[in-house]
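Observations on chain architecture
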Amino acid sequence: MELRIHTSYPNADIRYNWPRLEIDGKLPELRVDVSGPKVTIDQSEAWAEIGFRERPFLNKELKELSRAALLRGIRRYAQDGDRIVRSLGKVDMRRIAGQIVKERDRGKIPELNVQVLPKSRPKVEFEYSATIDWLEGWLSIDVLIDPPQIAWQMGSVETTVVGTQYDGRG
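Described in the following lines is the structure provided in the data block. (Residues numbered from 1 in each chain as written. Predicted model: local features only at pLDDT ≥ 70, side-chain atom pairs only at ≥ 80, totals over all residues. Heavy atoms only, no water.)

1. Notes on the overall build of the protein chain
Applicable threshold: Going along the chain from the N terminus, every DSSP run of H or I of four or more residues is numbered as a helix, and every run of E of two or more is numbered as a strand. Only heavy atoms matter for contacts: two residues are in contact if any of them lie within 4.5 Å across the pair.
Of the regular secondary structure elements, the protein chain holds 3 helices and 8 strands. Sequence-distant contacts, at least 24 apart, represent 90% of the contacts inside the protein chain between residues at least 6 apart.

2. Remarks on unusual backbone geometry
Note that the residue after Gly-36, namely Pro-37, is joined by a cis bond; omega there is 0°. Along the chain, the position of Pro-37 falls in strand S4 (residues 29-42).

3. Some remarks on the pattern of salt bridges
Short version of the rule: Note on definitions: salt bridges are taken to be side-chain nitrogens of Lys or Arg within 4 Å of carboxyl oxygens of Asp or Glu.
Tallied over the full model, the rule gives 4 salt bridges. The salt bridge partner of Arg-20 is Asp-146, with a shortest N-O separation of 3.3 Å. A residue pair is termed long-range when its members are at least 10 positions apart, and Arg-20 in strand S3 (residues 20-26) and Asp-146 in the loop between strand S6 (138-144) and strand S7 (149-153) qualify at 126 residues.

4. Some details on the side chain of Ser-44
Put simply, the test is: Polar contacts here mean pairs of N or O atoms no more than 3.5 Å apart (in protein, one a potential hydrogen donor and the other a potential acceptor; neighbouring residues in sequence count only if both atoms are side-chain atoms).
Relative to the helices and strands, Ser-44 is located in helix H1 (residues 44-49). Here the side chain of Ser-44 touches Asp-42 through a polar contact of 2.9 Å, side chain to side chain.

5. A closer look at the pairing of S7
Note the threshold: Only protein chains enter the accessibility calculation, which uses a 1.4 Å probe. A residue is then buried if its area is under 20% of the maximum for its type, exposed if over 50%, and partly exposed in between. Pairing between two strands requires that DSSP report at least two bridges joining them.
With 0 of 5 residues buried, S7 is to be regarded as a mostly surface element. Two strands pair when backbone bridges link them, and strand S2 (residues 11-15) and S7 are joined in this way by 5 bridges, in the antiparallel orientation. Within S7, the residue paired with Arg-15 across the bridge is Gln-149.

6. So, the side chain of Ser-120
You can see Ser-120 is positioned in the loop between helix H3 (93-107) and strand S5 (123-135). Exposure remark for Ser-120: the relative accessible area of 14% places this residue in the buried category. Excluding anything up to four places from it in sequence, Ser-120 contacts Glu-45, Ala-46 and Glu-49.

7. Digging into a nonpolar patch on the surface
The line we're drawing: Patch membership is restricted to residues that have no salt bridge and whose relative accessible area is over 30%. Joining uses 9 Å for like charges and 5 Å for the nonpolar side chains Val, Leu, Ile, Met, Phe, Trp and Tyr. Per-residue accessibility takes into account occlusion by the displayed protein chains alone, with areas from the Shrake-Rupley method and a 1.4 Å probe.
Nonpolar side chains collect at one region of the surface, where Ile-14, Tyr-16, Trp-18, Ile-150, Trp-152 and Met-154 lie side by side and expose about 830 Å² of accessible area between them. Here Trp-152 shows up in strand S7.

8. Here we look at the environment of Phe-126
Tracing the chain through its elements places Phe-126 in strand S5. Taking relative accessible area as the criterion, Phe-126 reaches 66% and is therefore assigned exposed. Between the alpha carbons of Phe-126 and Ile-41 there is a distance of 8.8 Å; along the sequence they are 85 residues apart. Filtering out sequence-adjacent residues up to four positions away, Phe-126 remains in contact with Lys-38 and Val-39.

9. A short note on the packing of aromatic side chains
Rules: Planes of paired rings set the category: under 30 degrees apart is stacked, over 60 is edge-to-face and the rest tilted, where pairs are Phe, Tyr or Trp rings (Trp by its six-membered ring) whose centres lie within 6.5 Å.
Here the structure, examined in full by the defined rule, presents 1 aromatic pair. The interplanar angle of 85° and the centroid separation of 5.7 Å between the aromatic rings of Tyr-16 and Trp-18 together place this pair among those described as edge-to-face. Grouping residues by exposure puts Tyr-16 and Trp-18 together as exposed.

Okay, here's the thing in structure tokens:
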């Protein structure tokens, strides 16, 4: 008679996946629109000082100078006429007329002032602009955790007796 013992140990089969992150997103963007630099230089006043005027400034100045010259001429002729009237009968008319012509000739010598460089500075304007727009980004983080898969096999002990009337051998 023989005793046979068959033992199987318990077995645990554990399968698992490491936890993982799924990250999805869009980075923020920065948009910059730039215009410029734009430089504007106004030299009209400086050019006008040295004689290169624009037509509206020149026309206005010529009009003012002509009017002033006309008024000076009228005043001078009126003063000369008054002087002649005051001197009637007192002084010889030829002397008064000669003296008036002599005084007029002295005033005809013009005084010239030549300027090469203007005294006023040019007007300089700078224009520069920047527009900044932010586009927001986003971020999505998902944590994926899978539960472990556990397969458990129970252990067992089987005993059999061989060589008796129960096993069919005799």
